[in-house]
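Here's the letter readout for the chains.
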Amino acid sequence: MQESAELRIEGAAKRFGEVAALDGVSLQVARGELLTILGPSGSGKTTLLKVVAGFEKPDAGWVKIDGVEITALPPARRDIGMVFQNYALFPHLTVERNVAFPLEMRNVAKPEIVRRVAEALALVELAGYEQRLPRQLSGGQQQRVALARAIVFNPRLLLLDEPFGALDRKLRETMQLEVRRLQRRLGLTTIFITHDQEEALVLSDRVAVMNKGTIQQIATTTEIYERPANDFVADFVGESNIFHGTMSAPGEVTLEGGRTLKVRSDKSAGAKVGVLMRPERFDTGGANLFTGDVIESVYLGTSFKLRLACAGGLELLVRQPARGPLPATGARIEVGIDPKAIHVF
Amino acid sequence: MSMRGFWPAVPALLLLFFFFLFPVVRMLGFSLEGGSFDWYAKALGEGLYLRVFWNTFEIALLVTFFCLLLGYPLGFLMATTTPLWATVGFIFVLLPLWTSVLVRTYAWMVLLGRNGVFNRLLIDAGIVEDPLPLLHNFTGVMIGMVHVLLPYMVLPVYGAVRRLDPAIVAAAEGLGASSWRIFWRIYLPLTLNGIFAGAVIVFVLSLGFYITPALLGGGRVIMIAVLIEQQVRETLNWPFAAALSAVLLAFTFAVYALAQRFTRPQETA
Amino acid sequence: MDTRKLNRRQAVSLLGGAAAVGAAGPAFGQTEPPKPAQIVVNHSGGSMGTAMRKAFFNGFEKKYGIRVVETSPADFGKLRAMVESGNVEWDITEIGGQDAIRATKLGLVEKIDGKIVDRSGYPEKVRTDFVFASSVYTTIIGYRTDVFKNGTQPKSWADWWDTKKFPGARSMRNHPTDNLEFALIADGVPMDKIYPIDFDRAFKKLDQIKPAVTVWWSTGQQPAQLLLDKEVVLATGWNGRFYDIIKKGAPVAIEWNEGALKQGSFVIPKGAKNPYWANKMLAEMSVPQQQAVYATELGYPGLNLESLKYVDDKVKPFLPTQYIDKQFWIDDAWYAENGNKAIELWNAWMLKKA
């Protein structure tokens, strides 16, 4: 069995006319790792995927698999399994023939093909569906066929291009976990592309957040969430309260509106900083207290989501455990946040 | 079909009724003049007419074959090239449809004649010594008919290739298929419907040709439409003309039905 | 027919006609039906239409203020369909010789009004009641003068059949008429003994020439074009088509000997909308001076014998009427009876492997 590989991209750039789809992207994916590339549409993530798969040639930079450059190699010779957004199953071939396709292309012997197709179909729990045509399958089943087809030939790398976009929420969650399980079990080096930050957090070892053709931050999921590198990452991943200000004293930030916050940061005095407070990190008390009027309140089952208008024009998004009655609009409440829970960047 | 869905089709159906069904029924009536099948017996019994029917089908089949041979790659290229080249392709492919049959035919005479452009080039280049007989024979008819019918093959093929999801081709490529195998395993089976549509149109249209074969075939290539036209305009034997037409129509429907069977979506096991 | 509608149309055309009459001067007080805005003349088209316009239609339009609309081609089947369906679009139409006879028999044509159409200058035998003889044409041999120099061309059908003495690709009409006759003459039948045609003998003789004929032509323009392109060096064809390219300087000449004479004919379809004006049109077409214009243009002389007086001497050698003695007339009556059989045999012969 072929070993899963390590992928390196260095300085990849690609322009389409005036637009830089990729503007010097470098990253590394370790053997067996699942890296998510997260970004809004137009951020360059799909172009990056195409560069890895070989459908686009970068203007500059290189791609290496296990230290061997593949930048100029045609897609057919890269040994990369890929699942497309709409699965791209061959509509005229049965499930069995779809999954056998990459093996046939590699001139694998007939009995071997039969064995490995059965194995792959069992892996995605589709045994018994061999003779169906793609259009006779549900979306989730088509997804599994696409997955089986992408892994049946033991690719060195698995690429998943927004594969869950077309599924409903429940099915999506099931499939996410299933893909995760499969990927771990096979130890497949995987790049997963999505614009859905929640999905990114569920699935990944590490996440690379992309915007405007560059990688904004590449880190573990907790790192990305708790300590985003900039406004974009903070804003794109999860709900957030972001303010800007200056370090007025060690451990103290003065926001643009004049309000001071106690924080934990070793940034030197006078530095311009950004401040991130996650809505769920607010409590009833703490070192930093805010009093505000509820201008919006939503009941979310396990929590309340409140929007508060505070003194100095500050507007806060706060999540509180759903205990007691839902605060009414117009009510004045007090919340606090601990300096530890404030991220300064 | 619900009645609500049926109403928008009414004008088209009326049109079909008055301009197709009604004349065909009248024609059938003509052919059974005096309640006898004598004219059918003549159409199907006499060697002359059977041979011309056979010739006609043979020519139509060959024309279809050559249209496919030329039209598939052409339609394929046009569907996969840049929009600019596709437009250029369209203009050249559609040009014969915008030219009158006589102009087109005389153009072929200028090109393919014994002293035509093509033969002179070949002789000057020393490739042949005597001019090739490209005109006033079967070859001439083939060239002329394929030329004018090519668009009917190219357009459905073009459409079929364009309808194909590019991701499917990319998927095949990513899964390790060479260009050759992508063509045989993906493009060809998935554009079969376009091929059949084009082939049926070309075949059926070929059956009715008579000016091109008369002019480019030197009079030797006789298709059934020539005889029908003779019966209508010269000998004024309308019942016989109707019988010949009805036989042609029946054959055509048979071919069409056969083609339909093949065009069923391929359920490859 | 709805008379009210007719009256309205007549009223409208009267208005149009009146204006034109006003311009042409006052009409005499004869009882002539109201003028339509237009009459429709159907003919074979091409250069023939151009010549007819120059010789007849322009004058007619000027004289009567009635527009002449031209359609083509001559089509017997269409004539029959028009008459039988009662929707007659044509006021006069050209018609082939044998078809004219059959059309008369089938009652598809109107009688020509002798009081309007003066054919006193015509030979007796072509002054028939239903058919107007418009011109004479002949199927003869056209040849390349650069191949057959100084009178070395085939001068008879026996010569035409002699492919050793007169080698080269030939073209003949894809039709039994002419060819059956030529074959019999080549086989030794005197020109006045051709009819009734012996099919067996004719086709047997045709077998001999078949390999030398590279093109069996189906439109009148083809033989001239084939000679021009040197696709063939000998072609049978209608004299006017050769005359046309000779006028333009093509290295082509005509051998008139043993040519097949035919009469160009026009008829008024039964139920034509404007029979009076159709007769007037035929009258215009029988004027010798106008026939001379037509003959000069196309090489097809009219049958008003006086018309030759008005033809330039340079044109006269190209008119078939100069060679009537060494040619023969196609027997339309025989074809009216045997034409269908001839066509069927011709088709079968054409399909036969050489």
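The model shown is predicted, which means the values in this text are computed figures rather than measured ones.

Draft legend 1. Fine view of helix α9 (residues 239–247) of chain C. Residues and elements named next belong to chain C. Taken together, the buried positions of α9 are Asn 239, Gly 240, Phe 242, Tyr 243, Ile 245 and Ile 246. Looking at the packing, one finds that the buried side of α9 touches β4 (132–144), α8 (221–228), β7 (234–238), β8 (252–267) and α11 (288–298). Once α9 finishes, Gly 249 follows within two positions and takes phi at roughly 95°, a positive value.

Draft legend 2. Up close: the side chain of Thr 71 of chain A. Residue and element names in this part refer to chain A. Looking at the element boundaries, Thr 71 is found in the loop between β5 (68–69) and β6 (80–83). Looking at Thr 71, its side chain comes within polar contact range of the main-chain nitrogen of Val 63, at 3.1 Å. At 2.7 Å, the side chain of Thr 71 forms a polar contact with the side chain of Glu 69. Not counting residues up to four positions away in its chain, the partners in contact with Thr 71 are Lys 57, Pro 58, Gly 61, Trp 62, Val 63 and Arg 78.

Draft legend 3. Spatial organisation of the nonpolar core. Counting 104 residues, the largest nonpolar core has Leu 7, Phe 90, Phe 101 and Leu 159 of chain A together with Val 63 of chain B as its most contacted members. The dominant element in this core, judged by the number of residues it contributes, is helix α8 (residues 138–163) of chain B, at 12 residues. Residues within four places of Leu 7 of chain A in sequence aside, it is in contact with Leu 27, Gln 28, Val 29, Val 52, Val 63, Lys 64, Ile 65, Leu 157 and Ile 191 of chain A. With 62 residues, the next largest nonpolar core counts Leu 207 and Val 226 of chain B together with Tyr 143 and Trp 216 of chain C among its residues.

Draft legend 4. Main features of the domain arrangement of chain C. All names here are of chain C. Here the domain parsing of chain C yields domain 1 (3–135 + 264–310) and domain 2 (138–261 + 329–351). In this structure, domain 1 and domain 2 have C-alpha centres spaced 32 Å apart. Of the residues lining the interface, 13 residues belong to domain 1; the matching set on domain 2 comes to 15 residues. Of the roughly 1000 Å² buried at the junction of domain 1 and domain 2 (both faces included), carbon and sulfur atoms supply 45%. Its largest share of buried area at the contact with domain 2, domain 1 owes to Gln 98, Arg 102 and Tyr 300, together 44% of the area lost on that side. Remark: the boundary between domain 1 and domain 2 carries 1 salt bridge. Measuring nitrogen to oxygen at the nearest pair gives 3.0 Å for the salt bridge that ties Lys 105 to Glu 337. At the boundary of domain 1 and domain 2, one finds 5 residue pairs in polar contact (both at pLDDT 80 or more). Of all the elements in the fold, those that place two or more residues in the side of domain 1 that touches domain 2 are α4 (97–105) and α11. Among the elements that make up the side of domain 1 that touches domain 2, the one with the highest residue count is α4 (5 residues). For the side of domain 1 that touches domain 2, the residue count by class is 4 nonpolar, 5 polar and 4 charged.

Draft legend 5. View of the interface of chain B and chain A. Facing 20 residues of chain B, the contacting portion of chain A comprises 22 residues. Note on chain B versus chain A: buried area summed over both sides is about 2000 Å², and carbon and sulfur give 62% of it. At the boundary of chain B with chain A, the tally comes to 1 salt bridge. We note a salt bridge from Arg 185 of chain B to Glu 104 of chain A, for which the minimum N-O separation is 2.3 Å.

Draft legend 6. Highlighting the interface of chain B and chain C. With 28 residues of chain B at the contact, the number on the chain C side is 33 residues. Taken together, both faces of the contact between chain B and chain C bury some 2600 Å²; the carbon and sulfur share is 52%. Inspection of the chain B/chain C interface yields 2 salt bridges. Lys 42 of chain B is paired through a salt bridge with Glu 344 of chain C; the nearest N and O atoms lie 2.9 Å apart. Mapped by element, the contributors of at least two residues to the side of chain B that touches chain C are α4 (47–80), α6 (101–112), α12 (211–216) and α13 (224–234) of chain B. By residue class, the composition of the side of chain B that touches chain C is 13 nonpolar, 8 polar and 7 charged.

Draft legend 7. Layout of the sheet that holds strand β18 (residues 332–337) of chain A. Residue and element names in this part refer to chain A. Here 4 strands make up an open sheet; going across it, the order is β17-β16-β15-β18 and the pairing antiparallel. In this open sheet, the two strands that pair with only one neighbour each are β17 (315–321) and β18. Each adjacent strand pair in this sheet contributes to an overall mean axis angle of 50°, direction not counted. Here strand β15 (residues 288–299) runs beside strand β16 (residues 303–310); their pairing, made up of 7 bridges, is antiparallel. Note that in β16 the partner of Val 294 across the bridge is Leu 308.

Draft legend 8. Spotlight on the environment of Gly 264 of chain C. Residue and element names in this part refer to chain C. Tracing the sequence through the fold places Gly 264 in strand β8. In this structure the C-alpha to C-alpha distance between Gly 264 and Val 136, which are 128 residues apart in sequence, comes to 5.8 Å. The residues touching Gly 264, leaving out its near neighbours within four places in the chain, are Phe 132, Ala 133, Ser 134, Ser 135 and Tyr 137.

Draft legend 9. Representation of the pairing of strand β12 (residues 252–255) of chain A within the structure. All names here are of chain A. Burial along β12 is one-sided: Val 253 and Leu 255 are buried, and none of Glu 252 and Thr 254, which face the opposite way, are. Here strand β11 (residues 241–249) runs beside β12; their pairing, made up of 4 bridges, is antiparallel. Considered in β12, the bridge of Met 247 is made with Val 253. In terms of strand pairing, β12 meets strand β13 (residues 260–262) through 3 bridges, oriented antiparallel. Paired with Val 253 across the strands is Leu 261, a residue of β13.

Cut-offs used in this document
Residues numbered from 1 in each chain as written. Chains lettered and ligands numbered in written order. Predicted model: local features only at pLDDT ≥ 70, side-chain atom pairs only at ≥ 80, totals over all residues. Heavy atoms only, no water. Buried < 20%, exposed > 50% of the residue type's maximum accessible area, 1.4 Å probe, protein only. Helix = DSSP H or I, 4+ residues; strand = E, 2+ residues; numbered from the N terminus. Contact = heavy atoms within 4.5 Å. Polar contact = N/O pair within 3.5 Å; in protein donor to acceptor, adjacent residues only side chain to side chain. Core = buried A, V, L, I, M, F, W, Y, C linked by side-chain atoms within 4.5 Å. Domains from an automatic or database assignment. Buried area = accessible area lost by both parts, 1.4 Å probe. Salt bridge = Lys/Arg side-chain N within 4 Å of Asp/Glu carboxyl O. Nonpolar A, V, L, I, M, F, W, Y, C, P; charged D, E, K, R; others polar. Pairing = 2+ DSSP bridges. Axes fitted to C-alpha atoms, helices over the stretch in contact; angles between N-to-C directions.

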